[in-house]
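# Architecture and fold: a report
As a plain string of letters, each chain reads:
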Number of protein chains: 2
Amino acid sequence: MTAILYELVGRDASRPFSPHCWKVRLALKHKGLDFGTRAAGFTEIPELEGGFSKTVPILKDGEALVTDSFAIAEYLETAYPDRPSLFGGEGGRALSRFVESWTQRTIHPALARIAALDIHDCLGASDQAYFRASREKAFGTSLENFVADRQSRIAPFLASLEPLRAIVAKQNFLGGETPLFADYIVFGAFQWARVSSPFRFMPAEDAVTQWFERCLALYDGEGAKVPAAA
Amino acid sequence: MTAILYELVGRDASRPFSPHCWKVRLALKHKGLDFGTRAAGFTEIPELEGGFSKTVPILKDGEALVTDSFAIAEYLETAYPDRPSLFGGEGGRALSRFVESWTQRTIHPALARIAALDIHDCLGASDQAYFRASREKAFGTSLENFVADRQSRIAPFLASLEPLRAIVAKQNFLGGETPLFADYIVFGAFQWARVSSPFRFMPAEDAVTQWFERCLALYDGEGAKVPAAA
């Protein structure tokens, strides 16, 4: 039976944008698994699989039902040990958590201040209402104010990427010559911005940009199949 | 034949302070190897092992002579595959580079702005002259100016530790229940400050402080045997 990945979308069901769903999509490709996808808006998530999870991704794989991107990667690693490893061993699994922690505390908040209003604008009407209310409460300001000075945030954001840049300037992926789940963790964040926002902030010559393009090209251009927001 | 680790010291040869040498000392303990240490000041390094390296650590292990802390860890992992692993597999080795990159770009520069003058004050006379000249050229200012506003740097430094804090608040070590070389990479930085500077900047209740104390206690308190600077 083919696995099913539930992904977050806006008005256009062909444009999944959640960073966490993208991590899983590339993890499934990495494992060479056949899978289908199902699109859901924010407000449709509670109806999926009998209210299984408040968030996507959700992976249904035979009898297994798993949510949370890292938990799904761990599930895939255990369920398909003979396929290419997502972690490269126990140490890689442990340190992927550090890459996740860094990504969620360095890249995600910065990209939210760049793309939050653009994400809103991609959504269907009921999702827009949910997104604006929940995010404006979390951010303590309007979406418009939250992204108003995004131009001035680019330089410090680019500086904050230096720990990643120093690695991918010297080798293809965080995993080395070939990618690991750690690469998909960081890729998901940039893909989130690429799919949801037409605002361009990454210099073409930046080693991080070039690493991201390598990720977009993986698995017959799985990530590139969804065009950048225009 | 017992391995020899060449370490950096100041006037007091019993107080090695280099972050990179501490990484190796704990890596040797992790592997359960017998080793002796030899102390060297900055200006004595060029004389070690026939001018083998401009920097310490240097490890001499039988016929092998290796410098650079990460290269030494890789050497130990290959030479002693039956001892406890420093990386937990190839993925862990690759992602340890990201931990190193983050540590050297987030923690090291911040601790230099806290401890640079104290490090200078620990050194012997000829090392003081070398250290002041080389660091003041690199920093573009006097050592005194470089650390003058260190009190105001503590809060942003503590904030920058959040990716680490989020992990070690939930588990004992970056490696999980037990430490990996990745832990020693970060430990080395804090031990550098602890041994060289009496300035206290880590809150006792901080999860990072508590993780550091766990690291100090490893291997019968190997790190704690050198008392904190007073």
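The residue numbering used here restarts from 1 in each chain and proceeds along that chain's sequence as written. Lettering for chains starts from A, numbering for ligands starts from 1, and both go in the order in which the items are written. Reporting of local features is limited, given that this is a predicted model, to residues whose pLDDT is at least 70; pairs of side-chain atoms are given and counted only at 80 or more, and all residues count toward the totals for whole chains, interfaces and linings. Hydrogen atoms and water are omitted, and side-chain values are computed over all heavy atoms in the structure.

- Under an unreviewed UniProt entry, chain A has the name Glutathione S-transferase family protein and belongs to Jiella flava.

## Considering the environment of R200(A)
All names here are of chain A.
- Only DSSP runs of H or I reaching four residues or more are called helices, and only runs of E reaching two or more are called strands; each is numbered from the N terminus. Positionally, R200 belongs in the loop between α8 (181-196) and α9 (207-221).
- Contacts are residue-level and defined by heavy atoms, with any inter-residue pair within 4.5 Å sufficient. If we skip the residues at most four places from it in the chain, R200 touches R194, A228 and A229.
- Contacts described as polar in this section are N or O atom pairs within 3.5 Å, which, within protein, must combine one atom able to donate a hydrogen with one able to accept it, while residues neighboring in sequence count only if both atoms come from side chains. Engagement of the side chain of R200 in a polar contact is seen with the backbone oxygen of A229, the distance being 2.7 Å.

## Thoughts on the domain arrangement of chain A
All names here are of chain A.
- Domain ranges listed in this record stem from an automatic or a database domain assignment. Each domain of chain A was delimited in the assignment, giving domain 1 (3-79) and domain 2 (90-221).
- Between domain 1 and domain 2, the C-alpha centre-to-centre distance is 19 Å.
- Tallying the contact residues gives 21 residues for domain 1 and 31 residues for domain 2.
- Summing both sides of the interface, domain 1 and domain 2 together bury roughly 2,300 Å²; the carbon and sulfur share of this comes to 68%.
- Considering only the surface of domain 1 that becomes buried against domain 2, K23, F42 and F70 emerge as the three largest contributors, covering 29% of it.
- Only one rule defines a salt bridge in this text: a Lys or Arg side-chain nitrogen within 4 Å of an Asp or Glu carboxyl oxygen. Viewed at the interface, domain 2 and domain 1 are joined by one salt bridge.
- In this assembly, domain 1 and domain 2 are joined by nine residue pairs in polar contact (both at pLDDT 80 or more).
- Contributions of two or more residues to the side of domain 1 that touches domain 2 are made by α1 (19-30) and α2 (69-79).
- The element that contributes the greatest number of residues to the side of domain 1 that touches domain 2 is α1, accounting for eight residues. In this description, buried area is defined as the sum, over both parts, of the accessible area (probe of 1.4 Å) that is lost when the two are combined.

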